[in-house]
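Results of the structural survey
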Amino acid sequence: KNEVEQSPQNLTAQEGEFITINCSYSVGISALHWLQQHPGGGIVSLFMLSSGKKKHGRLIATINIQEKHSSLHITASHPRDSAVYICAVRSAIKGGADGLTFGKGTHLIIQP
Amino acid sequence: DAGITQSPRYKITETGRQVTLMCHQTWSHSYMFWYRQDLGHGLRLIYYSAAADITDKGEVPDGYVVSRSKTENFPLTLESATRSQTSVYFCASSDMGLGINEQFFGPGTRLTVL
């Protein structure tokens, strides 16, 4: 069983809709990352969080450490938000010194 | 150029050949990582390095060799390439020591083994 589970795997929505992507993990973590990858493109870090909530523009990330769950929200979605969103965790044991463990990603398509 | 770069960006090789993928970062980050990305598996850690001359295995190290003689470089070598090593390879770096431990990813190398 993968240590990091994301849902949904695929999501198609209309422009302007509110988007939620979920991430659950089974291990103790020191931090959780949300990453974005455009088709054929590189990987960009959106958020790194260990508690609470962070906001950047139309993107909001929340984490509940007790429930081992995080969500990424996109408000007023736009076709340029179409990408793969990846959840990744850093182990609590080594603090991420041994790399990240990734979910399989959520493929988001925003239609105009 | 500042940042983290990978070369080559695209590589086609044949089964049994040796291939080296290069990774270079200009931030003097202590930690560097190699990941591979495959459909159905997502990203998986191959090897990582905490500093020059310190390397350790990740989740999928078999068939790969790494070295880190200088802080800024972290080459990944496939000693005898196999078709199962066809993948997109990402290098990343992080400066754990200062607590600025976001990971920065290179642009990726798409490797095809025929």
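Structure shown above.
Now for a look at the structure at hand. In every chain, residue numbers begin from 1 and rise along the written sequence. Chains carry letters and ligands carry numbers; both start at the beginning, A for chains and 1 for ligands, and go up in the order they are written. Where local features are concerned, this predicted model is filtered to residues with pLDDT of at least 70; where side-chain atom pairs are given and counted, the filter is 80 or more; whole-chain, interface and lining totals use all residues. Just so you know, side-chain values use all the structure's heavy atoms and leave hydrogens and water out.

Attention shifts here to the sheet that holds strand E3 (residues 19-25) of chain B. Residues and elements named next belong to chain B. Across the sheet, which stays open at both edges, the 4 strands sit in the order E1-E3-E8-E7 with antiparallel pairing between neighbours. A strand with exactly one partner marks an edge of an open sheet, and here the two such strands are strand E1 (4-7) and strand E7 (64-66). Averaged over all pairs of adjacent strands, the angle between their axes in this sheet comes to 20°, without regard to strand direction. When E1 meets E3, the two strands line up antiparallel, connected through 4 bridges. Across the sheet, Thr 5 pairs through a bridge with His 24, a residue of E3. At least two bridges found by DSSP between two strands is the condition for calling them paired. Segments assigned H or I by DSSP are reported as helices when at least four residues long, segments assigned E as strands when at least two residues long, and all are numbered from the N terminus. Fitting a line to C-alpha atoms yields each axis, with helices limited to the stretch in contact; the angle taken between N-to-C directions then spans 0 to 180 degrees.

What follows concerns the environment of Ser 69 of chain B. Residue and element names in this part refer to chain B. In this structure, Ser 69 sits in the loop between E7 and strand E8 (76-78). Type-normalised accessible area, obtained with a 1.4 Å probe on protein chains alone, sets the label of each residue: buried when under 20%, exposed when over 50%, and partly exposed for intermediate values. The class for Ser 69 is exposed, based on a relative accessible area of 63%. It is 22 Å that separates the C-alpha atoms of Ser 69 and Pro 107, two residues lying 38 residues apart in sequence. Residue contacts are counted whenever heavy atoms from the two residues lie within 4.5 Å of one another. Every residue in contact with Ser 69, bar those within four places of it in the chain, is listed here: Ala 52 and Asp 53.

Residues and elements named next belong to chain A. Burial along strand E3 (residues 19-25) is one-sided: the face carrying Ile 19, Ile 21, Cys 23 and Tyr 25 is buried and the face carrying Thr 20, Asn 22 and Ser 24 is not. Across 4 bridges, strand E1 (residues 4-7) lies against E3 in antiparallel orientation. Across the sheet, residue Ser 7 finds its bridge partner in E3, namely Asn 22.

In this chain, Ser 7 of chain A is followed by Pro 8 of chain A through a cis amide linkage whose omega measures -5°. Following the sequence through the fold, Pro 8 of chain A ends up in the loop between E1 and strand E2 (10-14). In this structure, Lys 68 of chain A is a non-glycine residue whose phi angle is positive, near 55°. By relative accessible area, Lys 68 of chain A is classed as partly exposed at 31%. In this model, Ser 28 of chain B sits at a positive phi of 60°, which is unusual for a non-glycine residue. Mapping Ser 28 of chain B onto the fold places it in the loop between E3 and strand E4 (31-38).

Okay, the side chain of Ser 49 of chain B next. Residue and element names in this part refer to chain B. Inspection of the secondary structure puts Ser 49 in strand E5 (residues 42-51). Residue classification places Ser 49 among the buried positions, given a relative accessible area of 0%. A distance of 2.8 Å separates the side chain of Ser 49 from the side chain of Arg 68, its partner in a polar contact. As used in this structure description, the phrase polar contact means that two N or O atoms lie within 3.5 Å; if the pair is within protein, one of them must be able to donate a hydrogen and the other to accept it, and residues adjacent in sequence are counted only when both atoms belong to side chains.

The criterion for an aromatic pair is that two Phe, Tyr or Trp rings (for Trp, the six-membered ring) have centres within 6.5 Å, with stacked assigned to planes under 30 degrees apart, edge-to-face to planes over 60 apart and tilted to the rest. This structure, assessed with the given rule, holds 7 aromatic pairs over all chains. Geometrically, the ring pair formed by Phe 102 of chain A and Tyr 35 of chain B is edge-to-face, given 5.0 Å between the ring centres and 90° between the ring planes. With Phe 102 of chain A in strand E10 (residues 100-102) and Tyr 35 of chain B in strand E4, the pair connects residues from two separate chains. We note that Phe 102 of chain A, like Tyr 35 of chain B, is buried. Ring centres 6.4 Å apart and planes at 25° place the aromatic pair Phe 33 of chain B and Tyr 48 of chain B in the stacked group. One end of the pair, Phe 33 of chain B, is in strand E4; the other, Tyr 48 of chain B, is in strand E5, with 15 residues separating them in the sequence.

Bear in mind that shape data such as this cannot, by itself, settle questions of function.
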